[in-house]
Amino acid sequence: MRWSISAVIIASLILVAVLLVSITLWTLSISSHESWEYSVLHTDLPEVSGLQSNGSSIYVTFETRNYDGKLVSIVDGERSTIVSGLQKPDGLTTSLGSLVYTQEFGESPVYEVINGVPRGLFITDGAEGIDSTLNGDLYVIEDRLGGRVLKYERSTGKISVLASELEAGEGICVMESGAVYFAERDKGIVYKIENGEISEYLTALSKPGFLLCDDESQSVWITEDRRNYGRLLHSSARHQIQVMATGLSSPQAVTINSEGRLLLAEQGRNRVIQFERRDGMAISSSAIATDAE
(Lines give C-alpha, C1' and ligand atoms only; values in the text may rest on other atoms or scores of the structure.)
Protein backbone atom coordinates (compact mmCIF):
# COMPACT_ATOMS: atom_id res chain seq x y z
CA MET A 1 0.00 0.00 0.00
CA ARG A 2 2.86 2.37 0.78
CA TRP A 3 4.38 1.62 -2.59
CA SER A 4 1.13 2.46 -4.36
CA ILE A 5 0.85 5.82 -2.60
CA SER A 6 4.46 6.57 -3.44
CA ALA A 7 3.90 5.61 -7.05
CA VAL A 8 0.90 7.93 -7.26
CA ILE A 9 2.91 10.77 -5.74
CA ILE A 10 5.82 10.18 -8.12
CA ALA A 11 3.48 9.98 -11.12
CA SER A 12 1.80 13.21 -10.05
CA LEU A 13 5.14 14.96 -9.66
CA ILE A 14 6.23 13.78 -13.10
CA LEU A 15 2.97 15.03 -14.61
CA VAL A 16 3.40 18.43 -12.95
CA ALA A 17 6.99 18.63 -14.17
CA VAL A 18 5.94 17.80 -17.73
CA LEU A 19 3.22 20.44 -17.62
CA LEU A 20 5.66 23.06 -16.28
CA VAL A 21 8.19 22.25 -19.00
CA SER A 22 5.46 22.44 -21.64
CA ILE A 23 4.25 25.79 -20.34
CA THR A 24 7.81 27.12 -20.20
CA LEU A 25 8.56 26.01 -23.74
CA TRP A 26 5.33 27.57 -24.94
CA THR A 27 5.99 30.91 -23.29
CA LEU A 28 9.53 30.94 -24.69
CA SER A 29 8.27 30.40 -28.23
CA ILE A 30 8.39 33.38 -30.57
CA SER A 31 6.16 33.45 -33.60
CA SER A 32 6.89 35.96 -36.35
CA HIS A 33 5.12 37.23 -39.44
CA GLU A 34 4.89 34.52 -42.11
CA SER A 35 7.27 36.36 -44.44
CA TRP A 36 9.85 36.85 -41.67
CA GLU A 37 12.34 34.74 -39.79
CA TYR A 38 14.21 35.64 -36.64
CA SER A 39 17.56 34.82 -35.06
CA VAL A 40 19.39 35.70 -31.87
CA LEU A 41 22.01 38.37 -32.49
CA HIS A 42 23.50 39.03 -29.01
CA THR A 43 22.93 37.45 -25.59
CA ASP A 44 23.95 38.17 -21.98
CA LEU A 45 22.73 41.76 -22.11
CA PRO A 46 21.30 42.38 -18.61
CA GLU A 47 18.06 44.39 -18.65
CA VAL A 48 18.72 45.56 -22.22
CA SER A 49 16.42 48.46 -23.08
CA GLY A 50 17.64 51.20 -25.44
CA LEU A 51 18.88 50.21 -28.88
CA GLN A 52 20.48 52.05 -31.79
CA SER A 53 22.26 50.83 -34.92
CA ASN A 54 25.03 52.40 -37.00
CA GLY A 55 26.47 50.27 -39.76
CA SER A 56 28.01 47.15 -38.21
CA SER A 57 27.80 48.69 -34.74
CA ILE A 58 24.92 48.64 -32.30
CA TYR A 59 24.49 50.53 -29.04
CA VAL A 60 22.43 49.36 -26.08
CA THR A 61 21.58 50.48 -22.56
CA PHE A 62 21.48 48.11 -19.59
CA GLU A 63 18.55 49.34 -17.51
CA THR A 64 19.85 48.04 -14.17
CA ARG A 65 19.52 49.75 -10.81
CA ASN A 66 21.98 50.45 -7.97
CA TYR A 67 23.99 52.70 -10.28
CA ASP A 68 25.45 49.80 -12.25
CA GLY A 69 23.63 50.55 -15.52
CA LYS A 70 25.66 51.00 -18.69
CA LEU A 71 25.71 52.37 -22.21
CA VAL A 72 27.52 49.77 -24.31
CA SER A 73 28.70 49.49 -27.91
CA ILE A 74 28.92 46.18 -29.76
CA VAL A 75 31.14 46.23 -32.84
CA ASP A 76 31.67 42.95 -34.71
CA GLY A 77 30.76 41.09 -31.52
CA GLU A 78 33.22 43.02 -29.35
CA ARG A 79 31.68 44.93 -26.44
CA SER A 80 32.91 48.18 -24.99
CA THR A 81 31.43 50.23 -22.17
CA ILE A 82 30.93 53.85 -23.21
CA VAL A 83 29.39 55.12 -19.96
CA SER A 84 29.00 53.21 -16.67
CA GLY A 85 27.56 53.93 -13.22
CA LEU A 86 24.13 54.81 -14.58
CA GLN A 87 20.80 54.46 -12.77
CA LYS A 88 18.14 52.80 -14.98
CA PRO A 89 19.36 54.14 -18.34
CA ASP A 90 16.42 53.56 -20.63
CA GLY A 91 15.79 55.63 -23.75
CA LEU A 92 18.50 55.92 -26.39
CA THR A 93 18.67 57.88 -29.62
CA THR A 94 21.17 59.55 -31.91
CA SER A 95 21.13 63.31 -32.39
CA LEU A 96 23.44 65.11 -34.82
CA GLY A 97 25.72 62.07 -34.81
CA SER A 98 25.93 61.72 -31.01
CA LEU A 99 24.29 59.23 -28.65
CA VAL A 100 21.70 60.68 -26.25
CA TYR A 101 20.21 58.72 -23.35
CA THR A 102 17.74 59.07 -20.49
CA GLN A 103 17.65 57.68 -16.94
CA GLU A 104 14.28 56.62 -15.58
CA PHE A 105 14.51 57.78 -11.98
CA GLY A 106 13.71 61.06 -10.25
CA GLU A 107 15.16 64.28 -11.58
CA SER A 108 18.02 63.57 -13.94
CA PRO A 109 19.54 65.25 -16.98
CA VAL A 110 19.18 63.94 -20.50
CA TYR A 111 22.78 63.23 -21.47
CA GLU A 112 24.54 63.60 -24.80
CA VAL A 113 27.79 61.66 -25.25
CA ILE A 114 30.59 63.63 -26.95
CA ASN A 115 33.92 61.80 -27.42
CA GLY A 116 32.92 59.31 -24.74
CA VAL A 117 32.03 62.00 -22.19
CA PRO A 118 28.37 62.53 -21.17
CA ARG A 119 27.12 66.12 -21.08
CA GLY A 120 23.81 67.10 -19.48
CA LEU A 121 21.41 68.91 -21.81
CA PHE A 122 18.27 69.50 -19.73
CA ILE A 123 16.56 68.13 -16.62
CA THR A 124 13.65 65.68 -16.70
CA ASP A 125 11.78 63.69 -14.05
CA GLY A 126 11.54 59.94 -14.65
CA ALA A 127 12.35 60.20 -18.36
CA GLU A 128 11.96 57.06 -20.45
CA GLY A 129 11.44 57.23 -24.22
CA ILE A 130 13.40 59.67 -26.38
CA ASP A 131 13.62 60.51 -30.08
CA SER A 132 15.35 63.09 -32.24
CA THR A 133 14.67 64.90 -35.49
CA LEU A 134 17.27 65.57 -38.18
CA ASN A 135 17.88 69.11 -36.91
CA GLY A 136 18.78 67.74 -33.46
CA ASP A 137 15.59 68.60 -31.57
CA LEU A 138 14.82 66.05 -28.85
CA TYR A 139 11.48 64.68 -27.66
CA VAL A 140 11.19 62.96 -24.27
CA ILE A 141 8.39 61.28 -22.32
CA GLU A 142 8.35 60.88 -18.54
CA ASP A 143 7.18 57.62 -16.93
CA ARG A 144 5.58 58.84 -13.70
CA LEU A 145 2.28 60.04 -12.31
CA GLY A 146 1.85 63.55 -13.72
CA GLY A 147 4.45 62.87 -16.41
CA ARG A 148 5.03 65.08 -19.44
CA VAL A 149 5.99 65.03 -23.10
CA LEU A 150 8.84 67.50 -23.60
CA LYS A 151 10.46 69.05 -26.64
CA TYR A 152 14.02 70.39 -26.45
CA GLU A 153 14.94 72.80 -29.24
CA ARG A 154 18.58 72.29 -30.08
CA SER A 155 19.20 75.74 -31.56
CA THR A 156 17.79 77.72 -28.62
CA GLY A 157 17.82 75.32 -25.66
CA LYS A 158 14.11 76.06 -25.17
CA ILE A 159 12.00 73.36 -23.50
CA SER A 160 8.30 73.08 -24.36
CA VAL A 161 5.66 70.91 -22.65
CA LEU A 162 3.57 69.21 -25.36
CA ALA A 163 1.46 67.03 -23.04
CA SER A 164 1.11 66.71 -19.28
CA GLU A 165 -0.62 64.80 -16.46
CA LEU A 166 0.35 61.42 -17.91
CA GLU A 167 0.09 58.28 -15.79
CA ALA A 168 2.62 55.88 -17.25
CA GLY A 169 4.34 57.39 -20.28
CA GLU A 170 6.55 54.94 -22.16
CA GLY A 171 7.48 55.30 -25.79
CA ILE A 172 7.72 58.34 -28.02
CA CYS A 173 8.66 58.98 -31.63
CA VAL A 174 8.45 61.91 -34.00
CA MET A 175 8.05 62.28 -37.75
CA GLU A 176 10.03 64.90 -39.64
CA SER A 177 6.65 66.44 -40.48
CA GLY A 178 6.37 67.36 -36.80
CA ALA A 179 3.77 64.77 -35.81
CA VAL A 180 4.59 63.24 -32.42
CA TYR A 181 3.38 59.85 -31.16
CA PHE A 182 3.51 58.74 -27.53
CA ALA A 183 2.17 55.86 -25.45
CA GLU A 184 0.57 55.50 -22.04
CA ARG A 185 1.31 51.92 -21.03
CA ASP A 186 -1.42 51.21 -18.48
CA LYS A 187 -4.16 52.85 -20.53
CA GLY A 188 -3.15 50.90 -23.64
CA ILE A 189 -3.30 54.01 -25.81
CA VAL A 190 -0.97 55.57 -28.38
CA TYR A 191 -1.63 59.28 -28.91
CA LYS A 192 -0.77 61.62 -31.75
CA ILE A 193 0.16 65.29 -31.39
CA GLU A 194 -0.24 67.33 -34.55
CA ASN A 195 -0.53 71.09 -34.87
CA GLY A 196 -0.75 71.32 -31.09
CA GLU A 197 -3.76 68.99 -30.89
CA ILE A 198 -3.66 65.65 -29.02
CA SER A 199 -5.78 62.78 -30.32
CA GLU A 200 -5.99 59.02 -29.79
CA TYR A 201 -4.12 57.22 -32.56
CA LEU A 202 -4.50 53.59 -31.38
CA THR A 203 -6.48 52.16 -28.48
CA ALA A 204 -7.10 48.78 -26.79
CA LEU A 205 -3.42 47.82 -26.88
CA SER A 206 -1.75 45.80 -24.13
CA LYS A 207 1.01 47.80 -22.40
CA PRO A 208 2.36 49.67 -25.43
CA GLY A 209 5.99 50.53 -24.81
CA PHE A 210 8.57 51.59 -27.38
CA LEU A 211 7.57 53.44 -30.57
CA LEU A 212 9.52 53.84 -33.81
CA CYS A 213 8.33 56.28 -36.47
CA ASP A 214 8.82 55.49 -40.17
CA ASP A 215 8.93 58.75 -42.10
CA GLU A 216 8.83 57.17 -45.55
CA SER A 217 5.43 55.55 -45.02
CA GLN A 218 4.21 57.66 -42.09
CA SER A 219 3.71 54.47 -40.06
CA VAL A 220 4.62 53.43 -36.52
CA TRP A 221 6.26 50.34 -34.99
CA ILE A 222 5.10 49.46 -31.47
CA THR A 223 6.26 46.94 -28.88
CA GLU A 224 3.97 45.73 -26.11
CA ASP A 225 5.97 45.46 -22.89
CA ARG A 226 4.57 42.19 -21.53
CA ARG A 227 6.66 39.57 -19.76
CA ASN A 228 5.76 36.45 -21.78
CA TYR A 229 3.17 37.54 -24.30
CA GLY A 230 4.71 40.69 -25.74
CA ARG A 231 4.06 41.61 -29.34
CA LEU A 232 5.68 43.65 -32.09
CA LEU A 233 3.06 45.61 -34.01
CA HIS A 234 3.12 47.71 -37.14
CA SER A 235 0.53 50.42 -37.76
CA SER A 236 0.13 51.87 -41.23
CA ALA A 237 -0.85 55.42 -42.03
CA ARG A 238 -4.40 54.09 -42.44
CA HIS A 239 -4.34 52.85 -38.82
CA GLN A 240 -4.28 49.22 -39.97
CA ILE A 241 -2.42 47.10 -37.39
CA GLN A 242 -0.38 44.03 -38.27
CA VAL A 243 1.05 41.69 -35.65
CA MET A 244 4.65 41.12 -36.73
CA ALA A 245 5.79 38.92 -33.79
CA THR A 246 4.30 37.35 -30.67
CA GLY A 247 5.67 35.47 -27.65
CA LEU A 248 8.24 38.16 -26.89
CA SER A 249 9.42 38.68 -23.32
CA SER A 250 9.33 42.34 -22.28
CA PRO A 251 10.29 43.73 -25.71
CA GLN A 252 11.77 47.22 -25.59
CA ALA A 253 13.37 49.28 -28.35
CA VAL A 254 13.46 48.39 -32.03
CA THR A 255 15.51 49.80 -34.87
CA ILE A 256 16.09 48.98 -38.54
CA ASN A 257 19.75 48.63 -39.46
CA SER A 258 21.58 49.52 -42.66
CA GLU A 259 20.97 46.01 -44.05
CA GLY A 260 17.23 46.39 -43.76
CA ARG A 261 16.88 44.04 -40.79
CA LEU A 262 14.79 44.88 -37.76
CA LEU A 263 16.61 44.59 -34.42
CA LEU A 264 14.70 44.24 -31.15
CA ALA A 265 15.89 44.52 -27.54
CA GLU A 266 14.18 41.66 -25.68
CA GLN A 267 14.69 42.62 -22.06
CA GLY A 268 12.98 39.57 -20.54
CA ARG A 269 15.57 37.31 -22.14
CA ASN A 270 18.53 39.72 -21.94
CA ARG A 271 19.24 39.69 -25.63
CA VAL A 272 18.93 41.40 -28.99
CA ILE A 273 17.21 39.48 -31.76
CA GLN A 274 16.89 40.32 -35.42
CA PHE A 275 14.11 39.80 -37.94
CA GLU A 276 14.66 39.55 -41.66
CA ARG A 277 12.49 38.75 -44.66
CA ARG A 278 12.62 35.21 -45.98
CA ASP A 279 12.90 36.51 -49.55
CA GLY A 280 16.05 38.44 -48.67
CA MET A 281 14.50 41.85 -49.27
CA ALA A 282 15.01 44.65 -46.77
CA ILE A 283 12.32 45.06 -44.14
CA SER A 284 10.37 48.18 -44.98
CA SER A 285 6.94 49.51 -44.28
CA SER A 286 6.11 49.61 -47.98
CA ALA A 287 6.94 45.91 -48.33
CA ILE A 288 4.84 45.06 -45.29
CA ALA A 289 1.91 47.02 -46.68
CA THR A 290 2.18 45.02 -49.89
CA ASP A 291 2.14 41.75 -47.95
CA ALA A 292 -1.02 42.83 -46.16
CA GLU A 293 -2.97 43.54 -49.33
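Refer to the structure presented above.
Just so it is clear, the structure is predicted and the values come from calculations on it, not from any experiment.

Draft legend 1. Geometry of the overall build of the protein chain. A tally of helices and strands in the protein chain yields 2 helices and 25 strands. Per-residue burial for the protein chain yields a buried fraction of 51% across its 293 residues. Total accessible area on the protein chain stands at roughly 13900 Å², and carbon and sulfur atoms take up 50% of it.

Draft legend 2. Region of the structure containing the pairing of strand β15 (residues 169-174). Counting buried positions over the 6 residues of β15 gives 6, a clear majority of the element. Here β15 runs beside strand β16 (residues 180-184); their pairing, made up of 4 bridges, is antiparallel. Across the sheet, residue I172 finds its bridge partner in β16, namely F182. Linking β15 to β16, which pair antiparallel, is a turn of 5 residues; within it G178 sits at a positive phi near 105 degrees.

Draft legend 3. Representation of the sheet that holds strand β14 (residues 159-166) within the structure. The sheet built from 4 strands is open, its strands ordered β11-β12-β13-β14 with antiparallel pairing. Of all the strands in the sheet, just β11 (127-132) and β14 have a single pairing partner and so form its edges. Across the sheet, the mean angle from the axis of one strand to that of its neighbour is 15 degrees, orientation sign disregarded. One ladder, built from 4 bridges, connects β11 with strand β12 (residues 138-142); its direction is antiparallel. By the bridge assignment, S132 is partnered in β12 with L138.

Draft legend 4. Geometry of empty space enclosed by the protein. A full pass over the atoms with the stated rule returns 1 cavity of 30 Å³ or more. Put simply, the largest cavity is a space of about 130 Å³. Along its surface, the largest cavity is lined by 15 residues, and S49, D90, G91, G129 and F210 are the ones closest to its centre. Contributing elements (two or more residues each) for the lining of the largest cavity: β3 (48-54), β7 (89-95), β11, β15, β19 (208-214) and β23 (251-256). Partitioning the lining of the largest cavity into residue classes produces 5 nonpolar, 7 polar and 3 charged.

Draft legend 5. Spotlight on the layout of surface pockets. The volume enclosed by the largest pocket comes to roughly 810 Å³. Contributing to the lining of the largest pocket are 35 residues, with Q52, T94, D131, L212 and T255 lying nearest its centre. Looking at the lining of the largest pocket, the elements that each hand over two or more residues are β3, β7, β8 (98-103), β11, β15, β19 and β23. Here the lining of the largest pocket takes 5 residues from β19, the largest share from any one element. For the lining of the largest pocket, the residue count by class is 17 nonpolar, 13 polar and 5 charged. In this model, the second largest pocket occupies a volume close to 200 Å³. Considering the residues around the second largest pocket, the lining is formed by 17 residues, among which L41, G55, S56, I58 and N257 are closest to the centre. If you list the elements that add at least two residues to the lining of the second largest pocket, you get β2 (36-42), β4 (57-62) and β5 (69-75). For the lining of the second largest pocket, the class distribution of residues is 5 nonpolar, 9 polar and 3 charged.

Draft legend 6. Focus on the sheet that holds β16. Pairing is antiparallel across the open sheet formed by 4 strands, whose spatial order is β15-β16-β17-β18. Unpaired on one side and paired on the other, β15 and β18 (197-202) mark the two borders of the sheet. Adjacent strand axes in the sheet meet at a mean angle of 25 degrees when their direction is disregarded. The pairing of strand β17 (residues 189-194) with β18 spans 5 bridges and is antiparallel. Paired with Y191 across the two strands is E200, which belongs to β18.

Draft legend 7. Broad picture of the packing of aromatic side chains. Across all of its chains, the model carries 8 aromatic pairs by this definition. For the ring pair Y67 and F105, a centre distance of 6.0 Å and an interplane angle of 85 degrees mean the geometry is edge-to-face. In this pair, Y67 sits in the loop between β4 and β5 while F105 sits in the loop between β8 and β9 (107-114), placing the two residues 38 residues apart along the sequence. Taking 4.7 Å as the distance between ring centres and 15 degrees as the angle between the ring planes, the aromatic pair formed by F122 and Y152 counts as stacked. In this pair, F122 is assigned in strand β10 (residues 117-125) and Y152 in strand β13 (residues 147-152), connecting sequence segments 30 residues apart. Summarising the burial analysis for this pair, F122 and Y152 share the class buried. Clustering of aromatic rings is evident, with ring pairs tying together W36, Y38, W221 and F275.

Reading guide: rules and limits
- Residues numbered from 1 in each chain as written.
- Predicted model: local features only at pLDDT ≥ 70, side-chain atom pairs only at ≥ 80, totals over all residues.
- Heavy atoms only, no water.
- Helix = DSSP H or I, 4+ residues; strand = E, 2+ residues; numbered from the N terminus.
- Buried < 20%, exposed > 50% of the residue type's maximum accessible area, 1.4 Å probe, protein only.
- Areas by Shrake-Rupley, 256 points an atom, 1.4 Å probe, with all protein chains shown as cover.
- Pairing = 2+ DSSP bridges.
- Axes fitted to C-alpha atoms, helices over the stretch in contact; angles between N-to-C directions.
- 1 Å grid on protein atoms, 1.4 Å probe; cavity = no way out; pocket = protein on both sides within 12 Å on 5 of 7 lines; lining within 4 Å.
- Points joined across faces, edges and corners; volume = space filled by probe spheres on them.
- Nonpolar A, V, L, I, M, F, W, Y, C, P; charged D, E, K, R; others polar.
- Phe/Tyr/Trp six-rings, centres within 6.5 Å; stacked < 30°, edge-to-face > 60°.

Just distances and angles here, no functional claims.
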